Each structure stands twice: as C-alpha cells, then as structure tokens.
Amino acid sequence: MSGRARLRARLRALVGRPARSRARLSSLRTTFAVTFAVVAAAVTLLVGVLSYNAAARLVRVDQQSVFAQVVQDVQQEVRQYRRLPEDFSSSRPGHEVIRPSRTDVQVLGGDGTIVDHGSPALPVTARDRATAAARKAGTTVEYRDVAVASDVYRVATVALGDGRGAVQVAQEFSDTEDLLRTLQRRTLVIEAAVVVAAGLCGWWLARRITRRLVVLTSAAEDVARTRQLDIEVPVTGYDEVGRLGRAFDHMLGRLAQSEEDQRRLVQDAGHELRTPLTSLRTNISLLRRIDELPPATREELVADLTQEARELTDLVNELVDLAAGQSPTEPPQKVDLAEMAEDAAAQARRRTGREIVVRACGDTTTDGRPGMLQRAVSNLLENAAKFDRDGTAPIEVVVSGPAVPGTVRVEVLDRGPGIADTDLTRIFDRFYRAADARSLPGSGLGLSIVREVALSHGGAPFALHREGGGSVIGFTVTGATAAARGTSRAGT
C-alpha cells in the first residue's frame, strides 16, 4: 500500500461517513438531554416520594395525637368531677377547654338524645346511646372515617357516668387529606418542572459540548473530501474536546509533513536515479556491439557497469535506510556511544585501511536506538574517509559527556579539504553534494541520514571548520527519542 493510500485509509477510519458522523453527534446530544432528564426524574421522584410520605406521616400523627389528647382530657375531667350534659353545652362558659380548633363537640343526654348539637351535627348510633347510659364515667367508644355531610371525621363518644349522658368529640379528617392531596399535586408539578428543566439543561450542555465536536467533525470531513491536510482546526479550550482538537490538528500537521517528505523523497530519488540509470542504459546499448570493441574498451565498459551498479545499489540501500529512519521500529534502550564509536571505527578501519582514533570523556551513555546511532556514526566515518582519501593523519572520533545536562556529543574530525562556508548549512540536505564533491562516489544521503538520526533522538547535527584545515562533523543526542516525546521531528 502506498503512502497516500495509507493516509487516505487513516482519514477514512478517523472520520467515517459524514452522515454517520452527524447522526452520532445528534445521538450524543439526545443522549445527554435524555440522560439528564431521566436522572433528574429519578432523583426528584425519589425525593418527592420520601418527602411526601414523611410530611403525610407527620401531619397524620400530629392530628391523631391532638385528637387523642382531647379525648384523654374529657375522660380525665368526667372521672374527676361529676359532670352533667349541661356542663358541656356550647352556651355554658368554659366549654372551650375541650373545644380546640378544628374539633366538633356534641352532647348526648342519658337516653341518647342530642342535648347540644355539634356543628355540624354528628350521627348517633346504638353504641353511642349505650355509652350515654353507661354507669362508669370515662367509658369510650371510637369511630374512624365517619361521613358527616361531605366531610370525613374521626369520632369518640365518652360516657359521663351513672347514665347521665355522653360527650361526642369529633375531628375533621378530610381537610387533612385534602391538604396532603394538594401537597401531592404540587410535588408532582415541581417534579415535572425539574424534569423539563433538567432536559433543557442537558440539551443546552450537550449542544455546548458537541458544538466544538461538530466543528472538528466538519474539519475531518473537509480533509476526507478535499484531501487537503493544511486545514486549520478552530477548536479551543483545555478540556477533553479542546485536547482532542489540538491532537487532531497536530496529527494533520504530522500527516502533511509526512506526505511532503514522501513527495520530496520520491522527487529527489527520481532525480538522482536518472543519472546512473541513463549511464547504465547507454552502456548496455554498447554491449550489443561488444564484439566490435577493442579489449581495453571492453574492460572499461565492464568496469563502468560494475561501478554504476554498485552506486545504484548503494543509493537504493541509503534510500531504504532513510525511509526506515523516518519510521523507526527499533525500541529505545540504554547505549554507550563511546563503545558504539569503537565498533564503528573498527569496521571503518577494515573497509578503508585508515587509522581512526577514538577518544571519550565524561558519561557517554544515553537512551537511544542502537541500530540508528551506529548507522549515523558509520556514515560520519565513511564521509571523512571519502573526503580525506589521500590523508595520512588519523581520523579522530570524539565522544564527550554532557556539557549540557543530558546531552552527549559525537564529532568526527578529518584533515580533508574542508567545507565551503556556503555549504556548511546545506550538507545535511538530502542528495545535496558540494561542487567539489560531485566527482566523488556517493548519493548525498549519508549526512542526511545522520541528520534524521540526531533529530529523532532530540539532538541536532552540526558541521564546523577544523582549526588547521579539515572539517568537524557530528551530532548531539539527548536521549529523548521522537517516540518518547510524542512530537514530530521538526524540519524533516
């Protein structure tokens, strides 16, 4: 799968279909509103039921205790004093003592007839008449839920004793229930208002949250539709949605940079491959007439083909290394750059036959990817040997510990022709070769790989003039790999 195809696949996986995205956002908004309403309904219903039950219980218990106290007061009075029906008449002073508010009193004679009607008049049953004729003072009979007119009363009949009659005490019960029913209706109205308010609040909050998600989704849909990765994501805030927006914007930036890197790599590689391929094609056409060529020309032709094939192979290998360096899969680990430089120097001595001296000072251990760092050091040594081919002075490798905390510096010193001032800042560019180096073998990718390795380890490459002639080329690492930092490599 090509880089562009992988990029499109990632974006399609991220944004999905536009209609489906809108449906999800709409569903999220509805879910918020319904959830708020359901939670509010459950809470208010629970609180309302508990509050109503508690209030109803308190009211009923209070009313019942008042009625029981009135009945008890009448019982005590008739037992302590010899009372006649006239003593409880509503026209006799002092009757208020047993006539508290919302309490009705009716007096019966010894034969059960009504001596003093209550307001309203209370029904008299056979048990009430029997109680009025009772010999023992304080004998009581009670009734619950007695219908009087359109109201409901609680009634108690207390005997005066010796057949003198009885006193009926009644308490209205229906008004209490009316009060409780009113409280119940108001509670339901309040619950409904709370549920509606919670639903509206949930809808408003969901709209406030999903508004930025809609913006983010629109940006993702624009990317999927136009395939333009330079779209700005206008999402602000420091909550999860804001972090998502910034992460998405950063991801688009990295994808755009990756696509640009691939485009540049393909263009530069195509440009560099044209020259050896053209030369190969020309020499291959000469092979058709190889029998007509003199022996010296044949040897020169075969040597050219071998050299061009070798250069083409080196170029392809370096392109593969460069592409692998951009997407490293090697896990970071603790490495000693001084030991790594010794290994690279030993390998370079066998290849070039040059004397290479390695010097180390300070703590040269760091966290990094050994394969990439080894490749970077080897490229520096190969570059020094190539440009100082006829030199007799040893090539020096200096690995120094942290002058800056956490930073290790690797530099390779040669006594070659040096680097022009105009080339110092460009020698790490891909395929760039200085004017005096174009006749030498190489692809111009070696130092570019060094740059990629340094940047991926939190460091940077550098190139300097060496005092007395030659060059100092190297890089620094901080042990913070790109994967660990979670950031893109600037300038790649």
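All values derive from a computational prediction rather than experimental measurement. (Residues numbered from 1 in each chain as written. Predicted model: local features only at pLDDT ≥ 70, side-chain atom pairs only at ≥ 80, totals over all residues. Heavy atoms only, no water.)

So, about the overall build of the protein. Scanning the protein from terminus to terminus reveals ten helices and twelve strands. Burial analysis of the protein (492 residues in total) assigns 40% to the buried set. Expressed as a percentage of contacts within the protein between residues at least 6 apart in sequence, the contacts between residues at least 24 apart total 66%. (Helix = DSSP H or I, 4+ residues; strand = E, 2+ residues; numbered from the N terminus. Buried < 20%, exposed > 50% of the residue type's maximum accessible area, 1.4 Å probe, protein only. Contact = heavy atoms within 4.5 Å.)

Glancing now at the pairing of strand 12 (residues 471-477). The element strand 12 is extensively covered by neighbouring structure, given that seven of its seven residues are classed as buried. Here strand 12 shows two buried faces, one formed by Ser471, Ile473, Phe475 and Val477 and the other by Val472, Gly474 and Thr476. The hairpin formed by strand 11 (residues 461-465) and strand 12 contains five residues between the paired strands, and Gly468 there has a positive phi angle of roughly 90°. (Pairing = 2+ DSSP bridges.)

Turning to the confidence of the model for the protein, a few remarks are in order. Here the protein shows a mean pLDDT of 77. Residues at 70 or above account for 79%. Ignoring residues within four places in sequence, the model shows residues 14-25, a span with pLDDT below 50, making 15 contacts including any to other chains. Across residues 482-492 the pLDDT falls below 50, and counting only partners more than four positions away or on other chains, this stretch makes 31 contacts in the model. (pLDDT = per-residue confidence, 0-100.)

Reading across from one edge, 7-9-10-12-11 is the order of the five strands in this open sheet, with mixed pairing throughout. Whereas interior strands pair on both sides, the edge strands pair on one side only; in this sheet they are strand 7 (356-361) and strand 11. This sheet shows a mean twist of 15° between the axes of neighbouring strands, independent of strand direction. Bridge count for strand 9 (residues 395-400) against strand 10 (residues 408-414) is five bridges, and the pairing is antiparallel. Bridge pairing in strand 10 links Ser400 to Arg409. Set on the sheet, helix 7 (residues 337-352) makes contact with strand 7, strand 9, strand 10 and strand 12; between it and strand 7 the angle comes to about 180°. Along the sheet, helix 9 (residues 446-456) makes contact with strand 11 and strand 12, crossing strand 12 at roughly 30°. (Axes fitted to C-alpha atoms, helices over the stretch in contact; angles between N-to-C directions.)

Right, let's get into the packing of aromatic side chains. Inspection of the entire model under this criterion finds zero aromatic pairs. Sitting over the face of the ring of Phe462, Arg409 holds its NZ or CZ atom 3.9 Å from the ring centroid. (Phe/Tyr/Trp six-rings, centres within 6.5 Å; stacked < 30°, edge-to-face > 60°. Lys NZ or Arg CZ within 6 Å of the ring centre and 35° of its normal.)

Here we come to the sheet that holds strand 1 (residues 103-108). Sheet architecture is open: five strands sit in the order 2-1-5-4-3, paired in antiparallel fashion. Bordering the open sheet on either side are strand 2 (114-116) and strand 3 (140-148), each of which pairs with just one other strand. Adjacent strand axes in the sheet meet at a mean angle of 30° when their direction is disregarded. Direction of pairing for strand 4 (residues 151-159) relative to strand 5 (residues 166-172): antiparallel, over a ladder of seven bridges. Across the sheet, Val158 pairs through a bridge with Val167, a residue of strand 5.

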